[in-house]
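Structural overview for review
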Amino acid sequence: MTDLINLDEYKIYATIKSVEYDAKITSIITYVSSLIRTYCGRNLIIEAPIVEYYEGGASNLYTKEFPLVSVTSIGRSEDYGQTFTPLVEFTDYVISKSKDQIFIITEDLVELPNKYKITYIGGYEVMPEDLKLAVLDLVDYYYRNEATPKRMSNFVTIEYVKTTDFPPHIKRILDLYRVV
């Protein structure tokens, strides 16, 4: 998977000219990219066509990755995903670009495992600026060791870390892109 930002972007952001810590920064960028993807529950940027399966039972299908860029194919199965009958756009389904959803016109509302197979491309071609800032800030947060407990005289403060313990200004932005 591609990192959400690259080394040069971070070095410009942090005004770093030295190459001494490039390996450390690159590792942090990879870890932070993975952490953000896990927290948001999605890849965020376009990388390759995605295949997802849906149970049916509703006429609206929401893809995991959005914005929905294009749909390559949609198939319907009556045998639990062993074979799929291709659906035709504007006859069997329509894409709502404003809501990033697929509306199945011919849905019979019967839920079956693997009833629909959707192959599509979704995500951002260019990462939104607010999300990029959150990634840069989080890389900086870990690079500067702000996530480690601070020593106070001879005592160490013990902090319990949860997956949602991002700095508040970063968490606010990530929550906008999170699939709940």
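Residues numbered from 1 in each chain as written. Predicted model: local features only at pLDDT ≥ 70, side-chain atom pairs only at ≥ 80, totals over all residues. Heavy atoms only, no water.

With that settled, consider the overall build of the protein chain. Along the backbone of the protein chain there are four helices and nine strands. Burial status across the protein chain gives 38% buried among its 180 residues. If you take every contact in the protein chain between residues at least 6 apart in sequence, the share linking residues at least 24 apart comes to 74%. Of the roughly 11,000 Å² of accessible surface on the protein chain, 57% is carried by carbon and sulfur atoms. Here the protein chain holds 19 positive side-chain charges and 26 negative ones, and the gap between their average locations is 6 Å. (Helix = DSSP H or I, 4+ residues; strand = E, 2+ residues; numbered from the N terminus. Buried < 20%, exposed > 50% of the residue type's maximum accessible area, 1.4 Å probe, protein only. Contact = heavy atoms within 4.5 Å. Areas by Shrake-Rupley, 256 points an atom, 1.4 Å probe, with all protein chains shown as cover. Lys, Arg positive; Asp, Glu negative; His and termini not counted. Charge placed at Lys NZ, Arg CZ, Asp CG, Glu CD.)

Between its terminal C-alpha atoms helix 2 (residues 22–40) stretches 27 Å, which fits the 27 Å expected from 19 residues at 1.5 Å a residue. For helix 2, the full list of buried residues reads Asp22, Ile25, Ile28, Ile29, Val32, Ser33, Ile36, Arg37, Tyr39 and Cys40. The buried residues of helix 2 all sit within an arc of 165° when viewed along its axis, so they share a single face. More than 90 degrees from the buried face of helix 2, the exposed residues found are Ala23, Tyr31 and Thr38. Among the structural elements, helix 1 (7–13), helix 3 (129–143) and helix 4 (168–176) are those in contact with the buried residues of helix 2. Just beyond helix 2, the residue with positive phi is Gly41, at close to 75°. (Expected span 1.5 Å × (residues − 1). Arc of directions from axis to C-beta.)

Quick look at the packing of helix 2 against helix 4 now. Put simply, helix 2 and helix 4 touch, their axes get as near as 9 Å, and they point 55° apart. The angle between the axes of helix 2 and helix 4 places the two elements in the oblique class. By crossing handedness, the relation of helix 2 to helix 4 is classed as right-handed. Contacts between helix 2 and helix 4 pair Ile36, Tyr39 and Cys40 from the former with Lys171, Leu174 and Asp175 from the latter. When the residues that make up the contact of helix 2 with helix 4 are grouped by side-chain class, the tally is four nonpolar, no polar and two charged. (Axes fitted to C-alpha atoms, helices over the stretch in contact; angles between N-to-C directions. Parallel < 35°, antiparallel > 145°, perpendicular 65-115°, else oblique. Left-handed = near helix turned anticlockwise from the far one by under 90°. Nonpolar A, V, L, I, M, F, W, Y, C, P; charged D, E, K, R; others polar.)

Attention now goes to the sheet that holds strand 7 (residues 111–122). Spatially, the four strands line up as an open sheet ordered 1-7-3-4, and their pairing is antiparallel. Strands with a single pairing partner mark the edges of an open sheet, and in this sheet they are strand 1 (50–56) and strand 4 (85–86). Alignment of strand 1 against strand 7, held across six bridges, turns out to be antiparallel. From the neighbouring strand, Glu52 faces strand 7, where its bridge partner is Ile118. (Pairing = 2+ DSSP bridges.)

Note that Ser59 resides in the loop between strand 1 and strand 2 (60–61). Each C-alpha atom of the pair Ser59 and Ala14 lies 47 Å from the other, and the pair is 45 residues apart in sequence. Each residue touching Ser59, except ones within four places of it in the same chain, is listed here: Ile102, Phe103, Ile104, Glu107 and Leu109.

For Asp22, the position within the fold is in helix 2. Within the local environment of Asp22, its side chain forms a polar contact with the side chain of Lys11, the two groups lying 2.9 Å apart. Those residues in contact with Asp22, other than ones at most four positions away along the chain, are Leu7 and Lys11. (Polar contact = N/O pair within 3.5 Å; in protein donor to acceptor, adjacent residues only side chain to side chain.)

To continue, consider the sheet that holds strand 5 (residues 93–96). With antiparallel pairing, three strands are arranged side by side in an open sheet as 2-6-5. Looking at which strands have only one partner, the edges of the open sheet turn out to be strand 2 and strand 5. Summarising the sheet, strand 5 and strand 6 (residues 101–104) pair through four bridges and their orientation is antiparallel. Bridge pairing in strand 6 links Ser96 to Gln101.

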